[in-house]
Amino acid sequence: MGQSASQGWYYWREGRQPSPQIRRQQVKIVILGCGRVGATLANMMDRAGHQVSVIDYSSEAFQRLDPDFKGETILGNGVDEDILIRAGIKEADAFAAVTNGDNRNIMASQIAKEIFHVKKVVCRIYDPIRERTYHELGLETFCPTTIGAQMLAEALLGEPAAAKAAQQDEKQ
Amino acid sequence: MYIIIGGGGDIGYYLTKTLLNQGHEVLLLEKDAARYQALSEELGEAVVRGDACEARVMEDAGVKRADVVIAVTGEDDDNLVICQMAKRRFNVNRTIARLNNPKHEKIFQKLGIDITVSPTKAILSLIEAEIPTTRFVPLMKLRRAGLDFVELRIPAESPTIGKTLREINLPRNSNLALIVRNNQPIIPNADTVIEEDDEIFALVSPEGEDAIRKAFGALG
């Protein structure tokens, strides 16, 4: 039942397209977590001309941002509604939760979705089982563990063999 | 009952001990190795080392036959995930979460956690009840009914003094359950006249709270 992690990866790879509206005009994006992924995403979105706010509980994390980063940085806990409001979540078109804590990402994403009704919410979850559960619950999730393992399998075995391995994995 | 508790801090520890004494079957999950050691010396097999957020740990703990799952770690996001996984993945009937930040009550309820307990809020209500200027005290949340049970004391400047309940415009979905006057309970009806210092116990919808506060001129 539901979407298996491997299907999730192919779906993702074959181009999970951002909605046309988000691609065309400038959008407001709130990013929770300014680690390597969060900062890279923030720099990317900023350079593409979008309005970006990044939240992290460590001010040192913001050093990962480009020197000419034009977005906002907010210091604080991402599951605190006040901090999310300060980051502009009420006006945000999109929200990404990419801290290194699965549960923090899950809770923040649900706040963004259920309380602030942000249109596009994406949540990173490392634990594949948790990822599958919340995916089935309707959260847009992605699991770097499964994606990374799939890419490695492909690199090691070549694509058809990897697809077969993924099917095997799904049967279990 | 079979009860699984996530988080072996002080609350988890005392909860486990008390529930075991009451004859329940209890399993306490603690992920920290050192803390687990300390707990297991006293609680023996009732404590298991593991992260209650992990589906596999919960499965090994027999979550599928658990009557209740209680999450009492010091992190609200962990407590939320423990309860949601128990409920949505393993169909546990009742889940109880400790809230460290009382502001998370709304989101937890919206996300299907059956019961939330906030020590911070409990202490705050106790303090509020002791301060004379605060005249509006939330007593209890009736979650299934979507109502709050509140207490308010009629201040001297209240515009409702001398009026009957019929004359006072009460918000929809709110209901005065009881008036306590000079230590005597009065079951109110439409002809009951409000007096200064009346203690009123009312059931109100969360949206109606402000309206009822204003209607009676209650502060705080």
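Residues numbered from 1 in each chain as written. Chains lettered and ligands numbered in written order. Predicted model: local features only at pLDDT ≥ 70, side-chain atom pairs only at ≥ 80, totals over all residues. Heavy atoms only, no water.

The helix and strand tally for chain B stands at seven helices and 11 strands. Relative to the globule expectation of 17 Å for 220 residues, the C-alpha radius of gyration of chain B, 22 Å, shows a markedly less compact shape. Its C-alpha atoms give chain B principal-axis dimensions of roughly 65 × 30 × 30 Å. Of the contacts made within chain B by residues no fewer than 6 positions apart, 54% connect residues no fewer than 24 positions apart. Carbon and sulfur atoms make up 50% of the accessible area of chain B, which amounts to about 11,500 Å² in all. Separation between the mean location of the 27 positive side-chain charges and that of the 33 negative ones in chain B comes to 6 Å. (Helix = DSSP H or I, 4+ residues; strand = E, 2+ residues; numbered from the N terminus. Rg over C-alpha atoms; globule rule 2.2 N^0.38 Å. Contact = heavy atoms within 4.5 Å. Areas by Shrake-Rupley, 256 points an atom, 1.4 Å probe, with all protein chains shown as cover. Lys, Arg positive; Asp, Glu negative; His and termini not counted. Charge placed at Lys NZ, Arg CZ, Asp CG, Glu CD.)

A few words on the overall build of chain A. The secondary structure content of chain A amounts to eight helices and six strands. Along chain A, helices and strands appear, N-terminal first, in the series α-α-β-α-β-β-α-β-α-β-α-β-α-α. Taking all 172 residues of chain A together, the buried fraction comes to 48%. The long-range fraction of contacts in chain A, counting pairs at least 24 apart against all pairs at least 6 apart in sequence, stands at 50%. Here chain A displays about 9,000 Å² of accessible surface, and carbon together with sulfur accounts for 52% of that area. (Buried < 20%, exposed > 50% of the residue type's maximum accessible area, 1.4 Å probe, protein only.)

Among the surface-exposed residues, Leu 152, Leu 156 and Leu 157 of chain A lie close enough to one another that they form a single nonpolar patch of about 360 Å² accessible area. On the secondary structure map, Leu 157 of chain A appears in helix 7 (residues 144–157). (Patch = residues over 30% accessible without salt bridge, like charges linked within 9 Å, V, L, I, M, F, W, Y side chains within 5 Å. Salt bridge = Lys/Arg side-chain N within 4 Å of Asp/Glu carboxyl O.)

What follows is about the confidence of the model for chain B. Scored by pLDDT, chain B has a mean of 87; 95% of the residues are at 70 or more. Of the two predicted TM-score estimates for the complex, the pTM is 0.72 and the ipTM is 0.78. (pLDDT = per-residue confidence, 0-100.)

Residue and element names in this part refer to chain B. Take Asp 198: it is sitting in the loop between strand 10 (184–186) and strand 11 (199–204). Separated by 19 residues in the primary sequence, Asp 198 and Gly 217 place their C-alpha atoms 12 Å from one another. Leaving out residues up to four positions away in the same chain, Asp 198 has contacts with Leu 152, Arg 153, Ile 154, Ile 179, Val 180, Arg 181 and Val 193.

On to the environment of Asp 32 of chain B. All names here are of chain B. Examined against the element boundaries, Asp 32 turns out to sit in the loop between strand 2 (25–30) and helix 2 (33–43). We classify Asp 32 as partly exposed; its relative accessible area is 40%. With 181 residues separating them along the chain, Asp 32 and Arg 213 place their C-alpha atoms 47 Å apart.

This part covers unusual backbone geometry. Residue and element names in this part refer to chain B. A positive phi angle, near 45 degrees, is found at Asn 182, a position not held by glycine. By secondary structure assignment, the location of Asn 182 is in the loop between strand 9 (175–181) and strand 10. At Asp 197, a residue that is not glycine, the phi angle is positive and equals roughly 70 degrees. Among the structural elements, Asp 197 can be located in the loop between strand 10 and strand 11. Here Asp 197 falls in the partly exposed class, since its relative accessible area comes to 42%.

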